[in-house]
Amino acid sequence: MSNSITLTASMRTNLASLKSIQSQMDITQERLSTGKKVNSAIDNASSFYQARSLTNRASDLESLLDSMGQGIQTIEAANEGIEAITAYVEQLKSVADQAYALDVNADGYDDALAEYAEQFDKINTEIASLIEDASYQGINLLADGELKVTFNESRDNFFTIEGKDVKTEMGIAAATGTWTSATEVDASLTKIAEAKDFLRSYANELGNNYTIIQTRQDFTDAMIDVLETGADNLVLADMNEESANYLAL
């Protein structure tokens, strides 16, 4: 005697319909749980791989944002150094002004001049020490360092900043053994004025470079948003629609 169950045509139709509904419910549940209408290449190969390409590029650009941020910090370190050096140069000028104002005919003129020269050189030495400490992650734009910031994922678009040897460019010589009269002091004052002009010019140059990198950083950040939004548009599900579909099923 056979144990097989005989299904009528209408029963088979209903069973097929139930299987189809269950399959649709499974798909809808997956979309609701992941938030995506395309979870694999099987769902939609074209959209899946286009979205992956966009998100991969966005990820590559994300890593470049970090590099740009570090480049900006390197410039800021140099700028802080210039501001501190400028303050020291103002001190040098103050000492030199006092030395220049000494009465050459007064008793102890040479001793007073030598004392001012010693003060001058101590400050000048501090400038050299400060320059050494203006390095950021091994790059010192105040001591001939070079900064290279990459702007695109293929690494063929980049921006390079050539540092300067600030101490040499300023050219402020030691005063001890050199200052013997107001003439030598005046020569130092001239060098100090030139050094201040150089520092202002270099600070302005660094400021322009800072703006260039920051502008590119803002652009890259915006580009990442565009890429991620484009990827989302290809694969994200409409949660309201999927919820309605689930209830209907």
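Definitions and limits used
Residues numbered from 1 in each chain as written. Predicted model: local features only at pLDDT ≥ 70, side-chain atom pairs only at ≥ 80, totals over all residues. Heavy atoms only, no water. Phe/Tyr/Trp six-rings, centres within 6.5 Å; stacked < 30°, edge-to-face > 60°. Helix = DSSP H or I, 4+ residues; strand = E, 2+ residues; numbered from the N terminus. Buried < 20%, exposed > 50% of the residue type's maximum accessible area, 1.4 Å probe, protein only. Salt bridge = Lys/Arg side-chain N within 4 Å of Asp/Glu carboxyl O. Axes fitted to C-alpha atoms, helices over the stretch in contact; angles between N-to-C directions. Parallel < 35°, antiparallel > 145°, perpendicular 65-115°, else oblique. Contact = heavy atoms within 4.5 Å. Nonpolar A, V, L, I, M, F, W, Y, C, P; charged D, E, K, R; others polar. Core = buried A, V, L, I, M, F, W, Y, C linked by side-chain atoms within 4.5 Å. Polar contact = N/O pair within 3.5 Å; in protein donor to acceptor, adjacent residues only side chain to side chain.

Trainee: Hey, could you go over the packing of aromatic side chains for me, with residue numbers and the actual values?
Mentor: Applying the stated criterion to the full structure yields three aromatic pairs. An angle of 55° between the planes, with centres 4.9 Å apart, marks the rings of Phe120 and Trp179 as tilted. Residue Phe120 is found in helix H3 (residues 109–132), and its partner Trp179 is found in the loop between helix H4 (166–170) and helix H5 (182–235); the two are separated by 59 residues along the sequence. Judged by its relative accessible area of 0%, Phe120 is buried. Using a relative accessible area of 7% as the deciding quantity, one classes Trp179 as buried. Seen from their ring centres, Phe198 and Tyr202 are 6.0 Å apart, and the 20° between their planes marks the pair as stacked. With Phe198 and Tyr202 both in helix H5, this residue pair falls four residues apart, about one helical turn. Comparing Phe198 with Tyr202 shows no difference in burial state: the two are buried.

Trainee: Now, about the pattern of salt bridges: what can you tell me, with residues and values included?
Mentor: All chains considered together, the criterion is met by seven salt bridges. A salt bridge links Lys93 to Asp97; its shortest N-O distance comes to 2.9 Å. Here Lys93 pairs with Asp97, and both are found in helix H2 (residues 45–100), just four residues apart, close to one helical turn. Given a relative accessible area of 30%, Lys93 falls into the partly exposed group.

Trainee: Please set out the packing of H2 against H3 residue by residue, giving values where relevant.
Mentor: Orientation of H2 relative to H3, taken along the N-to-C sense of each, is 170°, at an axis distance of 9 Å. Judged by the inter-axis angle, H2 sits roughly antiparallel to H3. Facing H2, whose interface residues are Gly81, Ala84, Ile85, Tyr88, Val89, Gln91, Leu92, Val95, Ala96, Gln98 and Ala99, H3 presents Leu113, Tyr116, Gln119, Phe120, Ile123, Asn124, Glu126, Ile127, Leu130 and Ile131. Looking at the contact of H2 with H3 residue by residue, the classes come out as 15 nonpolar, five polar and one charged.

Trainee: I'd like a rundown of the nonpolar core, residues and numbers included.
Mentor: Of all hydrophobic cores here, the largest spans 48 residues; its most connected members are Ile85, Phe120, Leu142, Val166, Met170, Trp179 and Ile213. Per-element accounting of this core gives the leading share, 15 residues, to H2. If near-sequence neighbours (up to four positions away) are discounted, Phe120 is found in contact with Leu92, Val95, Ala96, Ile172, Ala173, Ala175, Trp179, Ser188 and Ile192.

Trainee: Talk me through the side chain of Asn124; I want residue IDs and the actual numbers.
Mentor: Checked against the element boundaries, Asn124 lands in helix H3. A polar contact is formed between the side chain of Asn124 and the backbone oxygen of Ile172, at a distance of 3.0 Å. Contacts of Asn124, omitting those with residues within four sequence positions, involve Leu92, Lys167, Ile172, Ala173 and Ala174.

Trainee: Could you give an account of the environment of Thr176, naming the residues involved and the relevant values?
Mentor: By secondary structure assignment, the location of Thr176 is in the loop between H4 and H5. The class of Thr176 is exposed, set by a relative accessible area of 52%. Sequence separation between Thr176 and Ala117 is 59 residues; the distance between their C-alpha atoms is 5.1 Å. Beyond its immediate stretch of four places on either side in the chain, Thr176 contacts Ala117, Glu118 and Asp121. At a separation of 2.5 Å, a polar atom in the side chain of Thr176 contacts the side chain of Asp121.

Trainee: Tell me what's going on with unusual backbone geometry, and back it up with residues and numbers.
Mentor: Not every positive phi belongs to a glycine, and Gln137 is a case in point at roughly 50°. Mapping Gln137 onto the fold places it in the loop between H3 and strand S1 (146–150). According to the relative accessible area criterion, Gln137 is exposed, its value standing at 62%. Here the phi dihedral of Asp144 falls at roughly 70°; this positive angle occurs in a residue that is not glycine. Counting through the fold element by element, Asp144 comes out in the loop between H3 and S1.

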